[in-house]
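# Overview (structure and organization)
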Amino acid sequence: MKTKNNVLIYFLIILGFITILANSCKKEDDTNNDQTQAAVPTLTTASITNITSGSATSGGNISADGGAAVSARGVCWSTAQTPTVADNRSTDGTGTGSFTSNLTGLAANTTYYVRAYATNSAGTGYGSAVQFTTGTVTDIDGNVYHTVTIGTQVWMVENLKVTKYRNGDPIPNITDGTQWNNLTAGAYCSYDNNAANVSTYGQLYNWYAVNDSRNICPAGWHVPTDAEWTTLTTFLGGESVAGGKMKEAGSAHWALPNTGATNESGFTALPGGWRGYDKLFHDLLYTGYWWSATQSSSSAWERQLYQGTQTVDRLYLNQYLGISVRCIKD
């Protein structure tokens with residue numbers, strides 16, 4: 001009888017161990033199933049803005065966490081085309097939604113690639129890589145311009161201020177309206193002939209200065225063609241919306257309402273106005289006009305942005321009129 005009892009006890013002990021082991025395996029399986037069901041987060045990389053010789057701003061937007069909480073997010077960057085979190089990176093909180101990231105410690109005149117990242121228990125997901133180039137460019141007068149990469153193009157962030165051609169020859173500064181309208185050679189002026197406007201809005205040039213073989217843009221840069229302007233506005237979604245993405249936001253330099261202005265491209269368009277057919281100056285704070293290098297009979301193609309709309313207009317103007325210039329990298 002005692003032997004039977006011992007056997008029963010041993011049997012119950014072994015059964016208990018089997019039950020514990022089975023429960024343990026089930027928990028492990030459940031955990032593995034949970035991990036299998038989670039995916040890496042889904043996200044996009046923000047445009048690059050505020051580019052200087054050593055820093056820039058980006059960020060991202062996490063649209064889905066993949067079924068597990070996002071424990072880390074930010075951007076990573078490198079001179080290689082597919083940066084990872086093993087490269088330089090920022091740390092910008094947790095969770096889904098949009099975030100802004102600062103890139104620091106960059107080398108001047110260097111091309112970088114940036115990807116937003118987000119990490120959860122399943123791993124790390126990345127947005128698409130965005131390319132930009134750091135640096136500034138200096139004209140022959142010593143004016144310094146910041147640059148921004150938009151799509152495949154690199155643009156100056158400020159309107160041109162130069163008073164000499166690339167070879168050092170002076171561009172005539174014509175203040176008299178009648179003399180200006182009778183010109184057939186290059187010239188520049190400041191809005192209202194007031195030099196205080198130049199630091200913010202740049203100079204105004206006639207198209208003869210744009211077309212001069214001595215060049216008004218610094219070496220390695222040129223006045224954009226009509227086709228290059230179209231490349232820019234197409235990349236930004238077309239002329240019906242590109243203006244808002246190009247205009248500096250707020251009312252520091254634009255009159256209100258500065259409709260649709262986000263400056264998400266980093267172009268930072270400002271309303272420098274123009275010198276008109278009536279020999280007078282018009283539209284400072286309200287309209288920005290920029291020459292292209294492309295002629296149209298006795299006129300030339302240009303682009304216009306307005307404070308009351310997010311559109312970009314492609315028009316042609318008489319070549320003696322005075323408007324702003326932006327340079328694009330060769």
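Scroll up to find the structure.
Residues numbered from 1 in each chain as written. Predicted model: local features only at pLDDT ≥ 70, side-chain atom pairs only at ≥ 80, totals over all residues. Heavy atoms only, no water.

## Section: the overall build of the protein chain
In terms of regular secondary structure, the protein chain is built from six helices and 20 strands. When the 330 residues of the protein chain are sorted by exposure, 45% land in the buried category. In the protein chain, once contacts between residues fewer than 6 apart in sequence are set aside, the share between residues at least 24 apart is 59%. When the accessible surface of the protein chain is totalled, it reaches about 15400 Å², and 51% of it is carbon and sulfur. (Helix = DSSP H or I, 4+ residues; strand = E, 2+ residues; numbered from the N terminus. Buried < 20%, exposed > 50% of the residue type's maximum accessible area, 1.4 Å probe, protein only. Contact = heavy atoms within 4.5 Å. Areas by Shrake-Rupley, 256 points an atom, 1.4 Å probe, with all protein chains shown as cover.)

## Focus: helix 5 (residues 226-235)
Within the sequence span of helix 5, burial applies to D226, W229, L232 and T233. Along the axis of helix 5, the buried residues cluster in a sector spanning 120 degrees; they form a single face. Turned more than 90 degrees away from the buried face of helix 5 sit A227, T234 and F235, all of them exposed. Lining the buried residues of helix 5 we find strand 10 (144-150), strand 11 (153-156), helix 6 (242-246), strand 17 (287-296), strand 18 (299-306) and strand 19 (312-318). (Arc of directions from axis to C-beta.)

## Overview of the nonpolar core
Formed by 43 residues in total, the largest nonpolar core has its most connected members in F132, W155, L232, M246 and F267. Elements that contribute at least two residues to this core include exactly strand 2 (56-64), strand 3 (72-78), strand 5 (97-103), strand 6 (111-120), strand 10, helix 5 and helix 6. In terms of nonpolar packing, the next biggest core, distinct from the first, is built from 27 residues, L160, V210, Y320 and C327 among them. (Core = buried A, V, L, I, M, F, W, Y, C linked by side-chain atoms within 4.5 Å.)

## Some words on the sheet that holds strand 17
Spatial ordering of the open sheet is given by 17-18-19, a layout of three strands whose pairing is antiparallel. Looking along the sheet, the strands with just one partner apiece sit at the ends: strand 17 and strand 19. Mean inter-strand twist for the sheet, computed between neighbouring axes without regard to direction, equals 30 degrees. The sheet contact formed by strand 17 and strand 18 spans seven bridges and is antiparallel. What sits directly across from W290, in strand 18, is R303. Across the sheet, helix 5 lies against strand 17, strand 18 and strand 19, angled at about 135 degrees from strand 17, the strand it touches most. (Pairing = 2+ DSSP bridges. Axes fitted to C-alpha atoms, helices over the stretch in contact; angles between N-to-C directions.)

## Some thoughts on the environment of E239
Among the structural elements, E239 can be located in the loop between helix 5 and helix 6. Judged by its relative accessible area of 32%, E239 falls in the partly exposed class. The sequence separation of E239 and V312 amounts to 73 residues, and the corresponding C-alpha distance is 4.9 Å. If sequence neighbours within four positions are ignored, E239 has contacts with T233, Q310, T311, V312 and R314.

## A word on the packing of aromatic side chains
What the rule picks out here adds up to eleven aromatic pairs. Seen from their ring centres, W155 and W229 are 4.8 Å apart, and the 45 degrees between their planes marks the pair as tilted. Placement of the pair is W155 in strand 11 and W229 in helix 5, with a sequence separation of 74 residues. Here Y188 and Y205 contribute two aromatic rings whose centre-to-centre distance is 6.4 Å and whose plane-to-plane angle is 45 degrees, an arrangement assigned as tilted. (Phe/Tyr/Trp six-rings, centres within 6.5 Å; stacked < 30°, edge-to-face > 60°.)

## Some remarks on the sheet that holds strand 2
Taken in spatial order, the three strands line up as 1-2-5 in an open sheet, and their pairing is antiparallel. At either margin of the open sheet sits one strand with a lone partner, and together these are strand 1 (42-45) and strand 5. Taken over all neighbouring pairs, the strand axes of this sheet differ in orientation by 25 degrees on average, direction set aside. Summarising the sheet, strand 2 and strand 5 pair through seven bridges and their orientation is antiparallel. Note that in strand 5 the partner of T57 across the bridge is N102.

## Details of the environment of D313
Within the element layout of this structure, D313 appears in strand 19. Accessibility expressed as a relative area gives 27% for D313, which makes it partly exposed. For the pair D313 and E302, spaced eleven residues apart in the sequence, the C-alpha separation amounts to 8.3 Å. Not counting the four nearest positions on each side in its chain, D313 is found in contact with E302, R303, Q304 and Y306. A polar side-chain atom of D313 sits 2.7 Å from a polar atom in the side chain of Y306. (Polar contact = N/O pair within 3.5 Å; in protein donor to acceptor, adjacent residues only side chain to side chain.)

## A few points about the state of the cysteines
Within the structure shown, the criterion is met by one disulfide. Covalently, C217 is tied to C327 through a disulfide, its sulfur atoms 2.1 Å apart. Taking the sign of the S-S torsion, about -85 degrees here, the bridge from C217 to C327 comes out left-handed. You can see C217 sitting in the loop between helix 4 (207-211) and strand 14 (221-222) and its partner C327 sitting in the loop between strand 19 and strand 20 (328-329), a full 110 residues away along the chain. A single burial state applies to C217 and to C327, both of which are buried. (Disulfide = S-S within 2.5 Å.)

## Section: the environment of A209
In this structure, A209 sits in helix 4. Taking C-alpha positions, A209 is 9.5 Å from T184, a pair spaced 25 residues apart along the chain.

Function cannot be inferred from these measures alone, as they are strictly geometric.
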